[in-house]
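The lines below spell out each chain.
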Amino acid sequence: MELQSKLAILADAAKYDASCASSGAVKVNSLDGKGVGSTGGMGICHSYAPDGRCISLLKVLLTNLCIYDCHYCINRRSSNVRRAAFTAEEVVKLTLDFYKRNYIEGLFLSSGIIRNADHTMEMVIDVARTLREAYDFRGYIHLKTIPEASPGLIEIAARYADRISINLELPTQKSLDVLAPEKSIVRTRHAMGRIRNRLDEAHDRRKNGDKKLRHATGQSTQVIVGADESTDADFLARSDDLYGNFKLRRVYYSAFSPIPEPSSILPVKPPPLVREHRLYQADWLMRFYGFKTSEILTPETPNLDLELDPKLAWALRNRQDFPVDVQTASREALLRVPGLGGTSVQRILQIRRHTRIRQADLLRLRISLAKIQPFLKTADHNPSAYLLDSDRLRARFLPKPKQLELFAK
Amino acid sequence: MRSVDPGKSFISWRDAARRMLADHVPPEEILWEAERGLFPAVVTNGTPPEKLKVPAAFVDLAQNVSCHNDPSRWALLYQILWRIVRNGEKHLVSIASDPDVSQALLFARAVRKEIHKMHAFVRFRLIDADETGRERYAAWFEPDHHVIEAGAPFFKKRFSNMDWSIFSPKSCAHWDGEHLTFTPGIPHDPTKSHDELEAAWRTYYRSIFNPARLKVKMMKQEMPVRYWKNLPEADLIHELISGSNNRVAGMLAEEPRPVKPRPKNAYLDKLRALSAEEAD
Ligand code: SF4
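Quick caveat: nothing in here was measured; it's all calculated off a predicted structure.

(A) Main features of the overall build of chain A. Each helix and strand in chain A was counted, giving 16 helices and 10 strands. In terms of C-alpha radius of gyration, chain A reaches 24 Å, essentially the compact-globule figure of 22 Å for 409 residues. Dimensions along the principal axes, computed over C-alpha positions, put chain A at roughly 70 × 60 × 40 Å. Looking at chain A residue by residue over its 409 residues, the buried ones come to 59%. Here the contacts in chain A between residues at least 6 apart in sequence split such that 67% fall between residues at least 24 apart. In chain A, which carries 62 positive and 47 negative side-chain charges, the distance between the mean positions of the two groups comes to 5 Å.

(B) Geometry of the sheet that holds strand β6 (residues 171–175) of chain B. Residues and elements named next belong to chain B. Strand order in this open sheet of 5 strands is β3-β4-β5-β6-β7, and the pairing throughout is mixed. Among the strands making up the open sheet, the edge pair consists of β3 (125–129) and β7 (180–184). The average undirected angle you get between the axes of adjacent strands in this sheet is 20°. Taken together, the 4 bridges between β3 and strand β4 (residues 135–140) define a ladder with antiparallel strand orientation. Looking at β4, one finds that Asp128 is bridged to Arg136.

(C) Up close: the UniProt feature "domain: DUF4130" (unreviewed entry) in chain B. Summarizing the sequence annotation, UniProt attributes the feature "domain: DUF4130" (unreviewed entry) to residues 72–233 of chain B in the numbering used throughout. Across residues 72–233 of chain B one finds 41% helix and 16% strand; the C-alpha atoms that close the span lie 36 Å apart.

(D) Quick look at the packing of aromatic side chains. The tally for this structure, following the rule as stated, stands at 27 aromatic pairs over all chains. Ring centres 6.2 Å apart and planes at 25° place the aromatic pair B:Trp13 and B:Trp74 in the stacked group. Placement of B:Trp13 in helix α1 (residues 10–22) and of B:Trp74 in helix α3 (residues 73–85) is noted, with a sequence separation of 61 residues between them. Among the aromatic side chains, those forming a connected cluster through ring pairs are A:Tyr99, A:Phe137, B:Phe124, B:Tyr137, B:Phe154, B:Phe155, B:Phe159 and B:Trp164. The ring centre of A:Phe291 lies 3.9 Å from the NZ or CZ of A:Arg336, which sits over that ring.

(E) Seen up close, helix α4 (residues 151–160) of chain A. All names here are of chain A. For α4, every residue scored as buried is listed here: Leu153, Ile154, Ala157, Ala158 and Tyr160. Buried residues of α4, viewed axially, fall in a sector of 165°; they line one side. Each element contacted by the buried residues of α4 is listed here: α3 (117–134), β5 (140–144), β6 (163–165) and α6 (185–207).

(F) Layout of the interface of chain A and chain B. With 81 residues of chain A in contact, the opposing surface of chain B contributes 78 residues. Our count for the chain A to chain B interface comes out at 6 salt bridges. Here B:Asp195 ties to A:Arg101 by a salt bridge, and the two come within 2.8 Å at their closest N and O atoms. At the junction of chain A and chain B, the tally comes to 43 residue pairs in polar contact (both at pLDDT 80 or more). Where the side of chain A that touches chain B is concerned, the elements lending two or more residues are α1 (3–12), β1 (47–48), β3 (57–61), α2 (88–100), α6, α8 (273–288), α12 (342–351) and α13 (359–364) of chain A.

(G) Representation of the UniProt feature "domain: Radical SAM core" (unreviewed entry) in chain A. As annotated by UniProt and renumbered to match this structure, "domain: Radical SAM core" (unreviewed entry) occupies residues 61–197 of chain A. Summarising residues 61–197 of chain A: 45% helix, 10% strand, and an end-to-end C-alpha distance of 27 Å.

Rules and cut-offs
- Residues numbered from 1 in each chain as written.
- Chains lettered and ligands numbered in written order.
- Predicted model: local features only at pLDDT ≥ 70, side-chain atom pairs only at ≥ 80, totals over all residues.
- Heavy atoms only, no water.
- Helix = DSSP H or I, 4+ residues; strand = E, 2+ residues; numbered from the N terminus.
- Rg over C-alpha atoms; globule rule 2.2 N^0.38 Å.
- Buried < 20%, exposed > 50% of the residue type's maximum accessible area, 1.4 Å probe, protein only.
- Contact = heavy atoms within 4.5 Å.
- Lys, Arg positive; Asp, Glu negative; His and termini not counted.
- Charge placed at Lys NZ, Arg CZ, Asp CG, Glu CD.
- Pairing = 2+ DSSP bridges.
- Axes fitted to C-alpha atoms, helices over the stretch in contact; angles between N-to-C directions.
- UniProt positions renumbered as here; feature names shortened; annotations may be inferred.
- Phe/Tyr/Trp six-rings, centres within 6.5 Å; stacked < 30°, edge-to-face > 60°.
- Lys NZ or Arg CZ within 6 Å of the ring centre and 35° of its normal.
- Arc of directions from axis to C-beta.
- Salt bridge = Lys/Arg side-chain N within 4 Å of Asp/Glu carboxyl O.
- Polar contact = N/O pair within 3.5 Å; in protein donor to acceptor, adjacent residues only side chain to side chain.

This is the structure in structure tokens:
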């Protein structure tokens, strides 16, 4: 098969993986080497597809042959998709060629499972090893690993990669049993635990002097939203578990997407994309804004409000905590005001030492007044009790109703 | 009123500003302009005044602001500098809500963003290779702001083992393995070359797009249309968008595929046994 045809098949096969991060790697460049590449600091999105997703890595499967049967996946053994396989040398060359033209930050390599986990893992590692050792490639490498692969192989993968990941895909074993019968949460969590230990060790070695140690700095995972009955509470509880126990860098939420090879045991209708968006927002609140899962969702409402962002929804449920005084409130309290982000809060804390903050100041900080006015007290604005107590507050934030059409179709 | 030439860079503006400050010339007395205007130009080659101490945060901010394309940036910077040094507003830069500072922050943000976009959207094309195999690449990039100098060191670190030039109307950067040099901007792409790899890159772009998640606004926000003409993949966008509805309808209309029986495979048997143990 011609290389371009393989690329078309094996990029298509990889596109359902939402992960695109290329940040957080150890800082290196190619000034003292013979190869190409640099990493460190912020990742770069070199392009965007019309699906709004960042293209930062050459994201491909080594092969889309697979003996597993994950029903949301186009590559499962029950699918009739066209199969292809790259040689290691082909992936290496494509990576280098794209990289030198500044199309990408590096390689994201995954693979269908062929023969068994170890055999697959070895093939994936071989590509990374060749890039690093034969070509002195110093760009970003993300390797997908397999929980059932032997720990020694995962350890080697972590030495060549900047990030490694195992996709959990579904938050409960019950769902996996139906939709991904070969996968196990227990085995995935074990593997994540071992990876965490390796990452911690590497971190310590870097801290204690081995500054240039090239080793993965983080792990991430992906879950698929809307392919099973799991609630948002199930997803967030699982994320809480993964962030807390294994220090994952990111949990990616990927709305189940229709595929050209639909499975008979999957919903036909994809979930609304906004559900995925709300999960990211809630995840963000947990990681950076000090929210607990129990504050975002309650047993009575296990799913996020699709119409309001979760911070606003929380504020509307907790009106007794507002208004907050911009001049005196703590950092934590300010971070909980709908419409105030981390940068804005940082700036407010700085400027309030020198000035009494007024509405015009907020405008110049480019904060949307419409959103914060009911919640934030400034020197020249005190939100009226009417606003905070009224149920109309919620109505005020709901998306505008669509205009009715004049004639029925 | 006097006319002062800010030069082209932060350094030339800084030197001129230091002299104005030493002479206690208030902001409203200065017209920052490159060519001689209505007012006599000031001779700025006298003895430089002693160095001024200004907060590091101002220098950071001013370096970015000075790359902005807006001609009012020099006056804005001098105004802030004057307030810090002559009005004693030491903390001015940290007051992001101040009208002058918020304007400067806006300029700086636009510049930082454009530097980032330069790192993202420069597309090198292979020109040739010498007898040792060292390759030479060239790119054409059209930024709104004067970011070539600030953006180039990134490429030196990343691509130190190849020769490259980034041509642009603002200025051009060149790396030969030892020196990073800059030459004046040029109006047109001097190479007009194509690169074979562009076909593969376009194939990749086409294949990585998921038609079931069309989010055109988001794409345009992150990859503004003004950059498209120099991106080899961008002329696919229209076709991908217009074909997406049909592709999704096609997928939804597909007959669901039955589950194939589990193949005989020792490894899958082992997994099954493991799972059974875990369930106990
Ligand atoms: S293991 Fe599952 S998700 Fe991965 S390629 Fe195979 S079928 Fe797809």
